[in-house]
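This is what each chain is made of:
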Amino acid sequence: MTESTEKPIVLIVDDVAANIQILAEALKAECRIRIANNGEDALRVAMRPPFPDLILLDVMMPGMDGYEVCRRLKDTAATQDIPVIFVTARDDAEDEERGLQVGAVDYIAKPYRLPIVKARVRNHLQLKHKSDLLEKLAMIDGLTGIPNRRQFDQRMEAEWRRAVRDKHSLALVMGDVDHFKLYNDHYGHGAGDACLRAVARTMFNALSRPGDMVARYGGEEFVVLLPDTNLDGAHKVAERMRLAIQGLDIPHLHAGMMVVTMSLGYAACQPGEDAVQSPSQLLDCVDDGLYKAKRSGRNQVATIMEDQS
Ligand SMILES: [Mg+2]
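Parameters and conventions
- Position labels on residues start from 1 in each chain and follow its written sequence.
- Only residues with pLDDT of at least 70 are given local features in this predicted model, and only at 80 or more are side-chain atom pairs given and counted; all residues enter the totals for whole chains, interfaces and linings.
- Calculation of side-chain values draws on the structure's entire complement of heavy atoms; hydrogens and water are dropped beforehand.
- Each helix corresponds to a stretch of at least 4 residues labelled H or I by DSSP, and each strand to a stretch of at least 2 residues labelled E; elements are numbered beginning at the N terminus.
- The quantity called the radius of gyration is restricted to C-alpha atoms. Its globule counterpart is 2.2 Å times the number of residues to the power 0.38.
- With a 1.4 Å probe rolled over the protein chains alone, any residue whose accessible area is under 20% of its type maximum counts as buried; one over 50% counts as exposed, and the rest are partly exposed.
- Throughout, a residue-residue contact means that at least one pair of heavy atoms, one from each residue, lies within 4.5 Å.
- For every accessible area listed, the method is Shrake-Rupley and the probe measures 1.4 Å; residues are considered covered only by the protein chains on display.
- Charged residues are defined here as Lys and Arg on the positive side and Asp and Glu on the negative side; His and the ends of the chain fall outside this count.
- Positions of charges follow a simple convention, taking NZ of Lys, CZ of Arg, CG of Asp or CD of Glu.
- One speaks of a salt bridge when a side-chain nitrogen belonging to Lys or Arg is within 4 Å of a carboxyl oxygen belonging to Asp or Glu.
- An arc is given here, and it is the one of the directions from the helix axis to the C-beta atoms.
- We call two N or O atoms a polar contact when they sit within 3.5 Å, provided that within protein one can donate a hydrogen and the other can accept it, with sequence-adjacent residues counted only if both atoms are side-chain atoms.
- Bear in mind that the domain bounds are from an automatic or database domain assignment.
- UniProt positions are given in the numbering used here, feature names are shortened, and annotations may be inferred rather than shown by experiment.
- Ligating atoms shown are N, O and S within 2.8 Å of the metal, or 3.2 Å for Na, K and Ca, and water is not included, meaning a site may look less than complete.

Caption draft 1: Quick look at the overall build of the chain. What the chain contains, in helices and strands, is 10 helices and 10 strands. Compactness check: the chain gives a C-alpha radius of gyration of 26 Å against a globular reference of 19 Å for 309 residues, more than 25% above the reference. Principal-axis analysis of the C-alpha atoms places the extent of the chain at approximately 75 × 45 × 30 Å. Counting all 309 residues of the chain, 47% fall into the buried class. For the chain, restricting intrachain contacts to residue pairs at least 6 apart in sequence, the fraction spanning at least 24 positions comes to 65%. Just so you have it, the chain exposes about 15,700 Å², and 51% of that area is on carbon and sulfur atoms. Looking at the chain, you have 38 positive and 46 negative side-chain charges, and the mean spots of the two groups are 4 Å apart.

Encoded structure:
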């Protein structure tokens, strides 16, 4: 991701040092330049953070040519979204087509016309910056500013795999604001939005470890992912959140406590060695716990699992 305060990184790959020098000279005012003289070096530099924002890639190089470098970049998750511009003396249509087929975004022919090179590089860097920003925004809930369900789903998958590998337990907490529809009906949607923002902030503040995550699951429903946590630990987090939300003292005339409260379910398992076989089964368990808390009178925490602590 390009930091707005830092100049973007451009990797220039060419087996002829003079070509690198011309391009570097033209671009150095606007970019931080990295260089590589062959395909293997190009891959080494490109696959190590901080990742380049753009790669200018010579096609004709001894050893690994530009097509192969590009193919490998596109096959690697960490580098597949880095735009590649092919730079070549061979500018007939067939080469251009081949370059675009292996995933290049553009083509620049030698000899360079530097104003054109600069303009194209600038355009592609702007596009890259925008798509990075969109990707970031697409993972954040617009109302509350916390991770959205999409980001939660991705983290959940990753943490599940990690828990299987490390033989750690994994816990979830799911919370739902009590009588939220009545709150919206009575206080209006603006107040409803403010209430959800306060709830999200409060749940976030109730987490103490950097690996823990709270996400907006949808509507007035929030989910908390707790790596390396057992059922007892999940219970504690859920109860801490319940008390903190009640402690916000947000008036709610239609709720039992006369303030906004939350019902929470919690669940935990040992991924890979347990009756719970998948992330979606653990989600079902925590959802059942939440339903139990609602049915038992709200503003409480519940689980359908047996506490073995
Ligand atoms: Mg060459």
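Further notes follow.
Caption draft 2: Main features of the pattern of salt bridges. Inspection of every chain in the model, using the stated rule, returns 22 salt bridges. The salt bridge partner of Asp-58 is Lys-110, with a shortest N-O separation of 3.4 Å. Pair noted here: Asp-58 is in strand 3 (residues 54–58) and Lys-110 is in the loop between strand 5 (106–109) and helix 5 (114–137), with a separation of 52 residues, a long-range link. A relative accessible area of 2% places Asp-58 in the buried class. Between Lys-294 and Asp-178 there is a salt bridge, with its nearest N and O atoms 2.9 Å apart. Here Lys-294 is found in helix 10 (residues 279–295), whereas its partner Asp-178 is found in the loop between strand 6 (170–177) and helix 7 (180–187), with 116 residues between them in sequence. The residues Lys-294 and Asp-178 share a single accessibility class, namely buried. Connected through salt bridges with shared partners, the residues Asp-14, Asp-58 and Lys-110 form a single ionic network.

Caption draft 3: Representation of helix 2 (residues 39–46) in the model. The set of residues buried in helix 2 consists of Gly-39, Ala-42, Leu-43 and Ala-46. With its buried residues spanning 95° around the axis, helix 2 presents them on a single face. Those residues of helix 2 that are buried lie in contact with strand 1 (9–13), strand 2 (32–36), strand 3 and helix 3 (66–74). The opening residue of helix 2 is Asn-38, an N-cap whose side-chain oxygen sits 3.2 Å from the backbone nitrogen of Glu-40.

Caption draft 4: Region of the structure containing the domain arrangement of the chain. Domain annotation of the chain identifies domain 1 (9–137) and domain 2 (149–302). Averaged C-alpha coordinates put domain 1 and domain 2 at centres separated by 45 Å.

Caption draft 5: Geometry of the UniProt feature "domain: GGDEF" (unreviewed entry) in the chain. With numbering matched to this structure, UniProt assigns "domain: GGDEF" (unreviewed entry) to residues 168–306. Secondary structure content for residues 168–306 is 42% helix and 22% strand, while the C-alpha to C-alpha distance between its ends is 18 Å.

Caption draft 6: Examining the coordination of the magnesium ion more closely. Bound to the magnesium ion are the protein donor atoms Asp-15 (OD), Asp-58 (OD) and Met-60 (O), situated 2.1 to 2.2 Å from the metal. Linear spacing of the donor residues for the magnesium ion on their chain is D-x42-D-x1-M.

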